[in-house]
Amino acid sequence: MIVCILTKIPVFIAGATGSSKTLAIKLVGQNLRGSDSNDGYFRKLPQAYLIPYQGSSFSTSDGIIKVFEKANKYQETSSKEFSVISVVVLDEGSSFSTSDGIIKVFEKANKYQETSSKEFSAISVVVLDNVGLAETSQHNPLKLLHTLLEPNYPS
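Note that the structure is a prediction, hence the values are computed from the model and not measured.

Caption draft 1: Broad picture of the packing of aromatic side chains. Tallying each qualifying case throughout the model produces 2 aromatic pairs. Seen from their ring centres, Tyr 41 and Phe 42 are 5.4 Å apart, and the 75° between their planes marks the pair as edge-to-face. Note on Tyr 41: relative accessible area 52%, which makes it exposed. The class of Phe 42 is buried, set by a relative accessible area of 16%. With centroids separated by 3.9 Å and ring planes inclined at 25°, the aromatic side chains of Tyr 49 and Tyr 74 adopt a geometry described as stacked. On the criterion of sequence distance, the pair formed by Tyr 49 in strand β2 (residues 47-54) and Tyr 74 in helix α4 (residues 61-78) is long-range, its members being 25 residues apart. By relative accessible area, which is 27% here, Tyr 49 ends up partly exposed.

Caption draft 2: Spotlight on the nonpolar core. Among the nonpolar cores identified, the biggest contains 16 residues, and Ile 64, Val 67, Phe 68, Val 126, Leu 128 and Leu 145 are the most heavily contacted of them. Of all the secondary structure elements, the ones that give two or more residues to this core are β2, α4, β4 (122-129), α6 (131-135) and α7 (145-149). Residue contributions to this core peak at 4 residues, all from α4. The contact partners of Ile 64, leaving out residues within four places of it in the chain, are Tyr 53, Pro 141, Leu 142, Leu 144, Leu 145 and Leu 148. Residues Ile 5, Leu 32, Phe 42 and Ile 123 belong to the second largest nonpolar core, which totals 11 residues.

Caption draft 3: Representation of helix α2 (residues 21-31). Taken residue by residue, α2 has Lys 21, Ile 25, Val 28 and Gly 29 as its buried positions. Each buried residue of α2 lies within a common arc of 100° when the element is viewed along its axis, so the set occupies one face.

Caption draft 4: The side chain of Ser 124, seen in detail. Position of Ser 124 among the secondary structure elements: in strand β4. Reaching out from Ser 124, the side chain makes a polar contact with the backbone oxygen of Ala 71 at a distance of 2.8 Å.

Analysis parameters
Residues numbered from 1 in each chain as written. Predicted model: local features only at pLDDT ≥ 70, side-chain atom pairs only at ≥ 80, totals over all residues. Heavy atoms only, no water. Phe/Tyr/Trp six-rings, centres within 6.5 Å; stacked < 30°, edge-to-face > 60°. Buried < 20%, exposed > 50% of the residue type's maximum accessible area, 1.4 Å probe, protein only. Helix = DSSP H or I, 4+ residues; strand = E, 2+ residues; numbered from the N terminus. Core = buried A, V, L, I, M, F, W, Y, C linked by side-chain atoms within 4.5 Å. Contact = heavy atoms within 4.5 Å. Arc of directions from axis to C-beta. Polar contact = N/O pair within 3.5 Å; in protein donor to acceptor, adjacent residues only side chain to side chain.

Treat this as a map of the structure, not an account of what it does.
Set out below in structure tokens:
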């Protein structure tokens with residue numbers, strides 16, 4: 001997950017309830033604190049600014065857009081050169097958890113990665129939790145993820 005955050009590749013973590021998906025991202029956030037990190041290795045890495053979004057059956061596209069706008073705004077103020085953000089999706093199983101779905105995400109992420117920077121002081125990380133619940137929303141909020149995860153979609 002750290003490698004994906006640092007290279008700004010969207011990562012989808014799917015697993016059963018209680019399999020420590022949320023704990024994993026919390027541990028990353030506690031350690032990726034840039035120069036404020038306790039460990040010397042992590043002090044050499046940029047700070048990760050976690051911006052959570054809790055999916056539910058009441059989720060809307062506007063709610064997801066707002067969390068991405070917040071991440072972009074933070075990234076613009078913390079890194080003058082690039083406004084690229086990183087995305088982590090935590091889910092307990094949905095259409096994202098098939099191997100074909102995950103492969104497609106990572107193929108698209110390679111294209112997305114080309115726009116990223118190698119030099120940065122902080123990375124905005126959008127954490128979309130319980131995406132499976134958002135998928136059940138009558139507002140269909142996940143329809144816009146392609147445009148948010150891929151700057152050139154549709155090309």
